[in-house]
2 protein chains.
Amino acid sequence: MSELALHPAAQDLLFRQARTANTFTTEPVTDQQVRAIYDLVKYAPTAYNQSPLRIVLVRTDEARERLLRHMAEGNRPKTAAAPLVAILAADNEFHHELPTLLPHFPQAKDVLFADRPVREESALVNATLQAAYFILGVRAAGLAAGPMTGFDFPGVRKEFLDDDHTPLMVVNIGHPGTNAWFPRAPRLAYDEVVTTA
Amino acid sequence: MSELALHPAAQDLLFRQARTANTFTTEPVTDQQVRAIYDLVKYAPTAYNQSPLRIVLVRTDEARERLLRHMAEGNRPKTAAAPLVAILAADNEFHHELPTLLPHFPQAKDVLFADRPVREESALVNATLQAAYFILGVRAAGLAAGPMTGFDFPGVRKEFLDDDHTPLMVVNIGHPGTNAWFPRAPRLAYDEVVTTA
């Protein structure tokens, strides 16, 4: 008897068989696919619906070259080869959208988020939640994601973002190629993670 | 033509129809359900497979009372009524498990994560990714999640955790009750979130 309502094929697609890919085929990832991913994962929750995630799709060869210079050496070949590379960032000025995003509490913009350090902390946490939703959304599109934090953060920020946007991770996206992954590493057992009070 | 490989029923279960619940029925949430959720979401990626999320299930009436005292007033009634309440936290000493979790790079423990401030930053981001996976895992079990950050963080840390564990959020879990949610708030349009370089 399964304890899960989610169909086993969907469990496999999103969690059990999905893996972080290190190689990709040349099959392109279209803007229509990214749009479908976004239109699915945008519904997952953030605090006060603040939705601070911003995404830069690195589409031109010139932009890819600029990005590669800031990637850790071990991440360069796969970032060069991925059909699509996305830079995920947190918008530290997300509060400007709150009157639209939170119509039953439009004062949140000024009452809760007037201070930049408060916004930065909140944007980091909530854009990170959305980055996780996005990774699963990539998998929901039948694609493999390769999230990476091995890059020069100030460099990527300077090249692709601005003072109001903080990079979180770079994600390679595509169909897995040959030898796309390492053997699955162990996970912690339930009793190592979950305790009861 | 759909751009997504995920079955529409699974899209609905996890994203489109799932909502942050504010009321719950009295139907219990079992440890078997939590175990099934964990055994699904544990596979989703973290940096260096560090897996820093830790979960405290608040099961006793006494522990629930202690937790309620630290919740923001607006969150108290639903936290009192939820069949199960979970405290999600980041383990800042996750590096002790790295030789097991990252068998192909066991030196990561000392090479990358010898310094506590580095670990705290990494644990916050990666446990937050896992918190997002967990929320979707709760939905995968056919349950509603009610994640909250409106509580006294130092108070919850002192009552339920220790200096090595940082609280992230408190999540109410159960079957949605009557008037379980507000109307769905707007989301940002694709072009407000995604740009191209």
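Below is a short write-up of the structure. For clarity, every value in this text was computed on a predicted model and none was experimentally measured.

**Some words on the pattern of salt bridges**
Applying the stated criterion to the full structure yields 22 salt bridges over all chains. Here D164 of chain B and R116 of chain B are joined by a salt bridge, their closest N and O atoms 2.8 Å apart. Residue D164 of chain B is found in the loop between α8 (153-160) and β4 (165-174), and its partner R116 of chain B is found in helix α7 (residues 116-140); the two are separated by 48 residues along the sequence. Judged by relative accessible area, which is 29%, D164 of chain B ranks as partly exposed. Several salt bridges share partner residues, and in doing so they unite E93, R116, R119, E120 and D164 of chain A into one network.

**Some thoughts on the packing of helix α2 (residues 31-41) of chain A against helix α7 (residues 116-140) of chain A**
Residue and element names in this part refer to chain A. Where α2 contacts α7, the axes come no closer than 9 Å and their chain directions differ by 130°. In terms of orientation, α2 and α7 fall into the oblique class. Judged by the sense of rotation from one axis to the other, the crossing of α2 with α7 is right-handed. In this structure, α2 uses I37, L40 and V41 to contact α7, whose residues at the interface are Y133, F134, G137, V138 and A140. Taken together, the residues of the contact of α2 with α7 sort by class into seven nonpolar, one polar and no charged.

**Describing the environment of A21 of chain B**
Here A21 of chain B is to be found in the loop between α1 (8-16) and α2 (31-41). When the C-alpha atoms of A21 of chain B and K78 of chain B are compared, they prove to be 8.9 Å apart, with 57 residues separating the residues in sequence.

**Some points on the sheet that holds strand β5 (residues 194-196) of chain B**
Taken together, the five strands give an open sheet; going across it, the order is β3(A)-β4(A)-β2(A)-β1(A)-β5(B), and neighbouring strands pair in mixed fashion. Since the sheet does not close on itself, it has two edges, and those belong to β3 (144-148) of chain A together with β5 of chain B, each with one partner. Going across the sheet, the axis of each strand differs from the next one's by a mean of 25°, ignoring polarity. Sheet analysis places β3 of chain A next to strand β4 (residues 165-174) of chain A, joined by five bridges and oriented antiparallel. Residue pairing across strands places A144 of chain A opposite G174 of chain A, the latter belonging to β4 of chain A.

Analysis parameters
Residues numbered from 1 in each chain as written. Chains lettered and ligands numbered in written order. Predicted model: local features only at pLDDT ≥ 70, side-chain atom pairs only at ≥ 80, totals over all residues. Heavy atoms only, no water. Salt bridge = Lys/Arg side-chain N within 4 Å of Asp/Glu carboxyl O. Helix = DSSP H or I, 4+ residues; strand = E, 2+ residues; numbered from the N terminus. Buried < 20%, exposed > 50% of the residue type's maximum accessible area, 1.4 Å probe, protein only. Axes fitted to C-alpha atoms, helices over the stretch in contact; angles between N-to-C directions. Parallel < 35°, antiparallel > 145°, perpendicular 65-115°, else oblique. Left-handed = near helix turned anticlockwise from the far one by under 90°. Contact = heavy atoms within 4.5 Å. Nonpolar A, V, L, I, M, F, W, Y, C, P; charged D, E, K, R; others polar. Pairing = 2+ DSSP bridges.

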